[in-house]
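Summary of the model geometry
The residues making up each chain are set out below.
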Amino acid sequence: MRERAEPPAPGDAPTRVVALGGGHGLYASLSALRRVTGDLTAVVTVADDGGSSGRLRRELGVLPPGDLRMALAALCGDDDWGQTWSRVAQHRFRSKGDLHDHAVGNLLIVALWELLEGTTPDPTVAGLDWVGRLLGAQGRVLPMASVPLDIVAEVQGADPARPEQISHVQGQVACAMTPGKVLSMSLVPPDPPACEEALAAIEEADWVVFGPGSWFTSVLPHLKVPELARALTRTRARRVVALNLAPQPGETDGFSPHTHLEVMQAHAPDLRVDVVLADRGVVDDADALDKAVRSLGGSLVLADIAAADGSPRHDPARLAQAFVQIFRD
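Residues numbered from 1 in each chain as written. Predicted model: local features only at pLDDT ≥ 70, side-chain atom pairs only at ≥ 80, totals over all residues. Heavy atoms only, no water.

**Digging into the overall build of the chain**
- In terms of regular secondary structure, the chain is built from 13 helices and ten strands.
- On C-alpha atoms alone, the chain measures out to a radius of gyration of 19 Å, which is about the 20 Å that the 2.2 N^0.38 rule sets for 329 residues.
- Reported as C-alpha extents along the three principal axes, the dimensions of the chain are approximately 60 × 55 × 40 Å.
- Within the chain, buried positions represent 52% of all 329 residues. (Helix = DSSP H or I, 4+ residues; strand = E, 2+ residues; numbered from the N terminus. Rg over C-alpha atoms; globule rule 2.2 N^0.38 Å. Buried < 20%, exposed > 50% of the residue type's maximum accessible area, 1.4 Å probe, protein only.)

Now the structure itself:
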């Protein structure tokens, strides 16, 4: 039997939660958070330039839909309708032709964007809402910006022959796969328009959740959209950071849990955090992590949130229980 987090008591208003990120990390947090609250909004990075998303972005000039699709799939319910449509949205064609590796959900999202163009002030948000209704998504999915973005990473040793040289690598895929050490990231364009609905959701939230996920390409980009960063700094919502279970090869090789927080603080010096959630099994130096958490103004919560099979994946039920406890405390 699948464990479920305890729902709010009858008569209680649902906790308003905004989760930020992209890819598999955001999928994990949304899979947990939809069990915890009935008022959930995902704000998703739009910088993917690889695979099906990259091809649609280059050919049609649209926002890359892949991370948006994954967020919608994560919000599908556990009933037959939700799980069937989740699998449909995630399904990829396998062929020797142009459709190879395209995800069905990506094509569905882009088709709705085209059909709604000129019929609504914001066809991007309207299209995502339509797909969400079709899938029975238990929450709303929004892009973090209204235009496609490129990630630029400052990297040391991108050229193995020059290990001390610092250079710039552009593109999400290139940044994620660089053999060098990523020092920082920025966005092109540097001042993109934020999604207005995302700004409103952050302003009205009770909690904002960062991570888990690819640190430089999924989590930190939200803090480099100026309007979004200001909203995240000024919101009355409390902020929780869910840390990864393991460093990501090519992006955060050699990073300890507290290094992730130090990098976050360097990218957003004005951001304060209320809670940092980490799996107790992966924290080797709790004192160093606690010190990093306190430097951000927060408290550390250690819990068993990893999958029982030992893989570096968050268990949705365990993660949900941890969020329940954090939101109540």
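**Some remarks on the packing of aromatic side chains**
- Evaluation of the coordinates by the stated rule reveals four aromatic pairs.
- Residues Trp81 and Trp85 carry aromatic rings whose centres are separated by 6.1 Å and whose planes lie at 50 degrees to one another, so their mutual orientation is tilted. Here Trp81 pairs with Trp85, and both are found in helix 4 (residues 80-90), just four residues apart, close to one helical turn.
- Classification of Trp81 as partly exposed rests on a relative accessible area of 49%.
- Measuring from ring centre to ring centre gives 5.1 Å for Trp207 and Phe327, while their planes differ by 35 degrees; the resulting arrangement is tilted. Of the two residues, Trp207 sits in strand 7 (residues 207-210) while Phe327 sits in helix 13 (residues 316-328), which places them 120 residues apart along the sequence. (Phe/Tyr/Trp six-rings, centres within 6.5 Å; stacked < 30°, edge-to-face > 60°.)

**Considering the side chain of Ser86**
- Tracing the sequence through the fold places Ser86 in helix 4.
- With residues near it in sequence (within four places) discarded, Ser86 still touches Tyr27, Ala73 and Cys76. (Contact = heavy atoms within 4.5 Å.)

**So, unusual backbone geometry**
- For the peptide bond that leads from Val188 to Pro189, omega is -5 degrees, which places it in the cis range.
- With respect to the secondary-structure elements, Pro189 resides in the loop between strand 6 (181-188) and helix 8 (196-204).
- Following Gly211, the chain continues into Pro212 via a peptide bond in cis, with omega recorded as 0 degrees.
- Mapping Pro212 onto the fold places it in the loop between strand 7 and helix 9 (215-219).
- Its identity as a non-glycine residue notwithstanding, Asp101 has a phi of 75 degrees, on the positive side.
- Overall, Asp101 belongs to the partly exposed group, its relative accessible area being 24%.

**Thoughts on helix 6 (residues 123-135)**
- With 13 residues, helix 6 extends 18 Å from end C-alpha to end C-alpha; this agrees with the ideal 18 Å at 1.5 Å per step.
- Buried residues of helix 6: Pro123, Thr124, Val125, Ala126, Gly127, Leu128, Val131, Gly132 and Leu135, and no others.
- On its buried face, helix 6 sits against helix 3 (66-74), helix 4, helix 5 (104-116), strand 3 (140-143) and helix 8.
- Following helix 6 by one or two positions, Gly136 has its phi on the positive side, about 70 degrees. (Expected span 1.5 Å × (residues − 1).)

**So, the side chain of Ser53**
- With respect to the helices and strands, the residue Ser53 is situated in helix 2 (residues 51-60).
- Beyond its immediate chain neighbours, meaning those up to four positions away, Ser53 contacts Asp48, Pro64, Pro65, Gly66 and Asn106.

**Focus on the pattern of salt bridges**
- Under the defined criterion, the tally for this structure stands at eleven salt bridges.
- One salt bridge in this structure joins Arg313 and Asp309, with 2.8 Å as the shortest N-O distance. (Salt bridge = Lys/Arg side-chain N within 4 Å of Asp/Glu carboxyl O.)

**Looking at the layout of surface pockets**
- Considering only enclosed or pocket space, the largest pocket measures out at about 1,200 Å³ in volume.
- Contributing to the lining of the largest pocket are 49 residues, with Gly23, His24, Gly25, Tyr27 and Met70 lying nearest its centre. (1 Å grid on protein atoms, 1.4 Å probe; cavity = no way out; pocket = protein on both sides within 12 Å on 5 of 7 lines; lining within 4 Å. Points joined across faces, edges and corners; volume = space filled by probe spheres on them.)

**Things to note about the confidence of the model for the chain**
- Across the chain, the average pLDDT comes to 93, with 96% of residues at 70 or higher.
- A low-confidence stretch, residues 1-5 stays under pLDDT 50, and its non-local contacts, those more than four residues away or across chains, total twelve contacts. (pLDDT = per-residue confidence, 0-100.)

**With respect to the pairing of strand 8 (residues 238-242)**
- Burial analysis of strand 8 places four of its five residues in the buried class, the great majority of the element.
- Of the strand pairs in this sheet, strand 7 and strand 8 are connected by four bridges, and their pairing is parallel. Paired with Trp207 across the bridge in strand 8 is Arg238.
- Judged from the three bridges that link them, strand 8 and strand 9 (residues 275-279) form a sheet pairing that is parallel. Across the sheet, Ala242 pairs through a bridge with Leu277, a residue of strand 9.
- On the question of chirality, the crossover connecting strand 8 to the parallel strand 9 by way of helix 11 (residues 257-267) is right-handed. (Pairing = 2+ DSSP bridges. Right-handed = clockwise from strand over helix to strand, strands pointing away.)

**As for the sheet that holds strand 2 (residues 39-44)**
- An order of 3-2-1-7-8-9-10 is seen for the seven strands of this open sheet, with the pairing classed as parallel. Each of the sheet's edge strands pairs with one partner strand only, and the pair in question is strand 3 and strand 10 (299-303). Sheet twist, expressed as the average angle between the axes of neighbouring strands with direction ignored, equals 20 degrees.
- Here strand 2 pairs with strand 3 via four bridges, running parallel. Counterpart to Val43 in the pairing with strand 3 is Leu142. (Axes fitted to C-alpha atoms, helices over the stretch in contact; angles between N-to-C directions.)

**Comments concerning the environment of Ala111**
- Note on placement: Ala111 falls in helix 5.
- As for Ala111 and Gly127, which are separated by 16 residues in sequence, their C-alpha atoms are 8.6 Å apart.

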